[in-house]
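The primary structure of each chain is shown beneath.
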Amino acid sequence: MALCAADAFATEHTGGLGGWWAGAGAHPEKCAVHWFSISVTPESFPSWFTELSNSLQSCISALEALAQLVLLVGRAQAHTAPKHCVLRFHQLRDNAGAAACSRKQLSMSKPMCLILQATGFYCSKFGVTLSSQHIDGTRNSWADARSRGDTSGFCPRLRCQFDLHDLLQAPWKDLEA
């Protein structure tokens, strides 16, 4: 099982997503893991995400779920599911509400329900099932630091870049035509 974690933070108008993952069987060391650190503002998202709230802080659970989605996509892009097999990814998060919604794959609130739908889309696309586990925040310090822009000790060449707008629009792209 590969070790990995993701986290998010937000104020009213700014926020961040961060995470990291080590290869299967690898011992995680800062200098040897793949990672991401994404600063966000309301302009970082499609209009459907930010029109639902006037504050990024008020949708922190959705941002936590989005950090997990970015982690899922980053990890999945490095793997190919064998034919007739489904990969099972275990991911850690320190937000109990987001972990519960992800396990159930159910939420009635926006934008959380849309993030969960996008997660289902990417799981299907990559042939992955996702298992989210809650951990205490003190055990999630690397991902927490990444979400706040602290990249010290991490190898710059192992940084992964993501376009959040494209990532969130892809599940509905064919519906727009």
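Here the structure is a predicted model, which is why all the values come from computation and not from measurement.

Looking at the packing of aromatic side chains
Under the criterion given, the structure shown has 4 aromatic pairs. Considering the side-chain rings of Phe121 and Tyr122, the 5.0 Å spacing of their centres and the 85° angle between planes classify their relative orientation as edge-to-face. Residue Phe121 is classed as partly exposed on the basis of its relative accessible area of 31%. Its relative accessible area of 5% is what places Tyr122 among the buried residues. Connected via pairs of aromatic rings, a cluster forms that spans Phe121, Tyr122 and Phe126.

Notes on the pairing of strand β3 (residues 34-40)
The buried fraction of β3 amounts to 5 of the 7 residues, a majority that puts the element mostly inside the structure. Sheet analysis places strand β2 (residues 15-21) next to β3, joined by 7 bridges and oriented antiparallel. By the bridge assignment for β3, Gly15 is matched with Val40.

Some details on the environment of Pro171
Relative to the elements of secondary structure, Pro171 occurs in the segment after α6 (164-169). Of the residues examined, Pro171 reaches a relative accessible area of 16% and is grouped as buried. Along the chain, Pro171 and Gly120 lie 51 residues apart, while their C-alpha atoms are 9.1 Å from each other.

Calculation notes
Residues numbered from 1 in each chain as written. Predicted model: local features only at pLDDT ≥ 70, side-chain atom pairs only at ≥ 80, totals over all residues. Heavy atoms only, no water. Phe/Tyr/Trp six-rings, centres within 6.5 Å; stacked < 30°, edge-to-face > 60°. Buried < 20%, exposed > 50% of the residue type's maximum accessible area, 1.4 Å probe, protein only. Helix = DSSP H or I, 4+ residues; strand = E, 2+ residues; numbered from the N terminus. Pairing = 2+ DSSP bridges.

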